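Here's the letter readout for the chains.
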Amino acid sequence: MSSHLALRVTNPGFSLANCILWGAATIAGTLIGLIVFVVLAAAMPALSNVGLERFVTDASWHPTSDQFNLAPLIVGTLLVAAGALALACPISLAAAVFVTFYAPPSIATVYRRLMELFAGVPSVLFGLWGLVVLVPLIAKLSPPGASLLAAILVVTLMVLPTIMLIAATSLSSVPIEHLHGARALGFSRASTIFKVIIPAARSGLAAAAVLGAGRAIGETMAVMMVAGNVVKIPDSIYDPVRTLSANIALEIAYAMDLHRSALFVSALVMIAFVVVVVWALELLTSKAAFQANAD
Amino acid sequence: MTPRYMALMARGIAAIASAVILTSSTPSIAASEEKQLVVTGASTIAPVLGEIAKRYESLHPDVRIDVQTGGSARGIKDARTGLADIGMVSRALKEDEKDLTSFLIALDGVALIVHADNPIAELTRQQIIDIYVGKINNWSELGGADEPIVVINKAEGRSTLELFLEHFGLKSPDIQADIIAGDNEQDIKAVAGNPFSIGYVSIGNAEYDIKAGVPIRMLPLEGVPATRETVAAERFPLRRPLNLVVSKQPEGLVLDFINYARSAEVRDIVESFYYVVPPGS
């Protein structure tokens, strides 16, 4: 009797959950596959008519005048992402160490909630702030204001909370035995953190940075509002830049024929970047795990 | 139970897949009892006409209006070949296009804008060209402050850029810009945020923002002040008509829709896109 009851209760429930999970996973996978397929199909006319080579050798990007060079956009994207990460990583690591080990519990909780709120702020708000506050400030230093620097600062603000939250989680998930061991050896708090905890958490920290990189590469609205969007490899951080994502957002609404197709090539390059980033994450985490085991 | 869930799941996936595929191609399915109108042409007119069509459809549930973009050239071609019932053309008809009949639905005027604090009263055609190709780089060369000019241009494909280039006889690669704005609003915000910048936007949009207190100013062009009135009177030089064109004398549904698109009932839609309603409609 009881075994029957158990079967009736658990079995259908289990298979329902199973179906939902399989279904959800299939839908997610299919959708991503379809997106890549649609982007590829839309990029084909440009790839076959313009040819891969001209996307890096043309004079510039003037798709309505038959010039399709994506190189300045690729450089712009990488500069913004690299600059933002160079600023955001140390700051968010310091903030993560602060909330995890130094801050009193009450302040740590408030700080964490604040960061979670920060991470959820829509990007267009950062963009608006950048446009009306940051850009005029930079313009006073060196016109035009809308620049690589403005884009880096805005993206830094946007990726900072994400990186910090993931970093804090990975710091606090280091096994408690490590802490006990360090304490038993008479390590100070600072050496415990920097010599024991951070090395032990490095795969999680690397993951935080790579996720930040993904967001920095893909960020569109805020960057478009503050970067100036001129297609040119910048000579200084005060020069305007255009990123691949901003390029699509700026031009897709009124683009036709080859121009439209070339914008999908732009999207394809971004997808390639994200693939590289995810692959790097995979490599970093597996290597770090391997080293941690070897240690 | 399992097969039923699987079937549901499969149906869901199929629905999503077909939705994705449908949106990536042009929808062309219509029930046979519906009356259908196909309108193709200029991407400047398509969004505003799409809104007008939506309102018309809600008044006439048996009518379906399909608005497709593809540029003014496509509007002319499709109206001639009969592929479209109505073509959208964002310029005046040329001499060799006089076989078509055009109906004006709106006017679009583009003015140069500077910050409200900028002392420059007016710029000549040559000065504007020199600023945009990078020959004049400092306001002092024009009698203003000794500050570099921040030149704001529009993104490729935008109709205001096309109108600007055509009017001043420029080519897109010639322009040396410091900032590229996507739409009018972004352009206006950039000018409002930088006292030494210059840009160009739709007059309707700039008037709206100036009334709202945004610190920008429109420059007169060739002595004509930039207002909706001078655009409506076809005096302001940097402007263009937004036309609907048909190949034969319109009748029935086509005529009714064209009349509706020119009526006072859609005035609010035309103005919400910052276009100027022509006088007498």
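Residues numbered from 1 in each chain as written. Chains lettered and ligands numbered in written order. Predicted model: local features only at pLDDT ≥ 70, side-chain atom pairs only at ≥ 80, totals over all residues. Heavy atoms only, no water.

Regarding helix 5 (residues 123–141) of chain A
Residue and element names in this part refer to chain A.
Reasoning step 1: Along its 19 residues, helix 5 runs 25 Å from first to last C-alpha, staying within 8% of the 27 Å computed at 1.5 Å per residue.
Reasoning step 2: At Gly130, helix 5 shows its largest kink, close to 40°.
Reasoning step 3: Along helix 5, the residues that are buried comprise Ser123, Phe126, Gly127, Gly130, Leu131, Leu134, Val135, Pro136, Ile138 and Ala139. (Helix = DSSP H or I, 4+ residues; strand = E, 2+ residues; numbered from the N terminus. Expected span 1.5 Å × (residues − 1). Bend = angle between axes of the 7 residues up to and from the residue. Buried < 20%, exposed > 50% of the residue type's maximum accessible area, 1.4 Å probe, protein only.)

Focus: the packing of helix 3 (residues 71–102) of chain A against helix 4 (residues 105–119) of chain A
All names here are of chain A.
Reasoning step 1: Contact geometry of helix 3 with helix 4 gives a least axis separation of 8 Å together with a crossing angle of 140°. The orientation of helix 3 with respect to helix 4, classified from their angle, is oblique. In this structure, helix 3 uses Ala95, Phe98 and Val99 to contact helix 4, whose residues at the interface are Ile107, Ala108, Tyr111 and Arg112.
Reasoning step 2: Along the lines of polarity and charge, the residues of the contact of helix 3 with helix 4 split into 6 nonpolar, no polar and 1 charged. (Axes fitted to C-alpha atoms, helices over the stretch in contact; angles between N-to-C directions. Parallel < 35°, antiparallel > 145°, perpendicular 65-115°, else oblique. Contact = heavy atoms within 4.5 Å. Nonpolar A, V, L, I, M, F, W, Y, C, P; charged D, E, K, R; others polar.)

Brief notes about the domain arrangement of chain A
Residue and element names in this part refer to chain A.
Reasoning step 1: Examined at the domain level, chain A breaks down into domain 1 (3–49) and domain 2 (57–294).
Reasoning step 2: Computed from C-alpha coordinates alone, the two centres of domain 1 and domain 2 are separated by 29 Å.
Reasoning step 3: For the domain 1 and domain 2 pair, buried surface summed over both sides reaches about 710 Å², with 88% attributable to carbon and sulfur atoms.
Reasoning step 4: The largest contributions to the domain 1 side of the interface with domain 2 come from Val39, Ala42 and Ala46, which together make up 52% of the buried area.
Reasoning step 5: Inspection of the domain 1/domain 2 interface yields 0 salt bridges.
Reasoning step 6: Put simply, domain 1 and domain 2 have 3 residue pairs in polar contact (both at pLDDT 80 or more) between them.
Reasoning step 7: Partitioning the side of domain 1 that touches domain 2 into residue classes produces 8 nonpolar, 1 polar and no charged. (Domains from an automatic or database assignment. Buried area = accessible area lost by both parts, 1.4 Å probe. Salt bridge = Lys/Arg side-chain N within 4 Å of Asp/Glu carboxyl O. Polar contact = N/O pair within 3.5 Å; in protein donor to acceptor, adjacent residues only side chain to side chain.)

Considering the nonpolar core
Reasoning step 1: In terms of nonpolar packing, the biggest core is built from 111 residues, with Leu112, Tyr132 and Phe164 of chain B touching the most fellow members.
Reasoning step 2: When residues of this core are sorted by domain, at least three fall in each of domain 1 (3–49) and domain 2 (57–294) of chain A.
Reasoning step 3: Discounting residues that sit within four places of it in the chain, Tyr132 of chain B has contacts with Leu112, Val151, Ile152, Asn153, Phe164, Leu170, Asp174, Ile175, Gln176, Ile198, Gly199 and Tyr200 of chain B.
Reasoning step 4: Formed by 31 residues, the second largest nonpolar core is a distinct cluster that contains Met88, Ala106, Phe257 and Ile269 of chain B. (Core = buried A, V, L, I, M, F, W, Y, C linked by side-chain atoms within 4.5 Å.)

Focus on unusual backbone geometry
Most peptide bonds are trans, and most residues other than glycine sit at a negative phi.
Reasoning step 1: Here Asp66 of chain A, not a glycine, exhibits a phi torsion of approximately 65°, which is positive.
Reasoning step 2: Topologically, Asp66 of chain A is positioned in the loop between strand 1 (61–62) and strand 2 (67–68).
Reasoning step 3: Even without a glycine there, the phi angle at Tyr274 of chain B is positive, about 65°.
Reasoning step 4: Positionally, Tyr274 of chain B belongs in the segment after helix 10 (267–272).

A word on the packing of aromatic side chains
Reasoning step 1: Scanning the entire structure with this criterion turns up 11 aromatic pairs over all chains.
Reasoning step 2: Seen in terms of ring centroids, Phe164 of chain B and Phe168 of chain B are 4.9 Å apart; in terms of plane orientation they differ by 55°. Their pairing is tilted. Residue Phe164 of chain B and its partner Phe168 of chain B are both found in helix 5 (residues 159–168); the two are separated by 4 residues, about one turn of the helix. Each member of the pair, Phe164 of chain B as well as Phe168 of chain B, carries the same accessibility label: buried.
Reasoning step 3: Grouped by ring-pair contacts, the aromatic residues Tyr132, Phe164, Phe168 and Tyr200 of chain B constitute a single cluster.
Reasoning step 4: The cationic tip of Arg189 of chain A hangs over the ring face of Tyr102 of chain A; the distance from NZ or CZ to the ring centre is 4.3 Å. (Phe/Tyr/Trp six-rings, centres within 6.5 Å; stacked < 30°, edge-to-face > 60°. Lys NZ or Arg CZ within 6 Å of the ring centre and 35° of its normal.)

Thoughts on the interface of chain A and chain B
Reasoning step 1: Tallying the contact residues gives 37 residues for chain A and 30 residues for chain B.
Reasoning step 2: Counting the surface lost from both chain A and chain B, the interface buries some 2800 Å², and carbon and sulfur atoms represent 72% of this.
Reasoning step 3: Taken together, chain A and chain B are joined by 0 salt bridges.
Reasoning step 4: Elements represented by at least two residues in the side of chain A that touches chain B include exactly helix 1 (2–49), helix 5, helix 10 (221–226) and helix 11 (244–251) of chain A.
Reasoning step 5: Among the elements that line the side of chain A that touches chain B, the one with the most residues is helix 1 of chain A, at 11 residues.
Reasoning step 6: Looking at side-chain class alone, the side of chain A that touches chain B contains 24 nonpolar, 11 polar and 2 charged residues.

Looking at the pattern of salt bridges
Residue and element names in this part refer to chain B.
Reasoning step 1: This structure, assessed with the given rule, holds 18 salt bridges over all chains.
Reasoning step 2: Glu185 is the salt-bridge partner of Lys189, the closest N and O atoms lying 3.9 Å from each other. With Lys189 and Glu185 both in helix 6 (residues 184–193) and 4 residues apart, this pair spans about one turn of that helix.
Reasoning step 3: The salt bridge partner of Glu234 is Arg239, with a shortest N-O separation of 3.9 Å.
Reasoning step 4: Given a relative accessible area of 41%, Glu234 falls into the partly exposed group.
Reasoning step 5: Counted as one network, the salt bridges with shared partners bring together Glu207, Arg228, Arg267 and Glu271.

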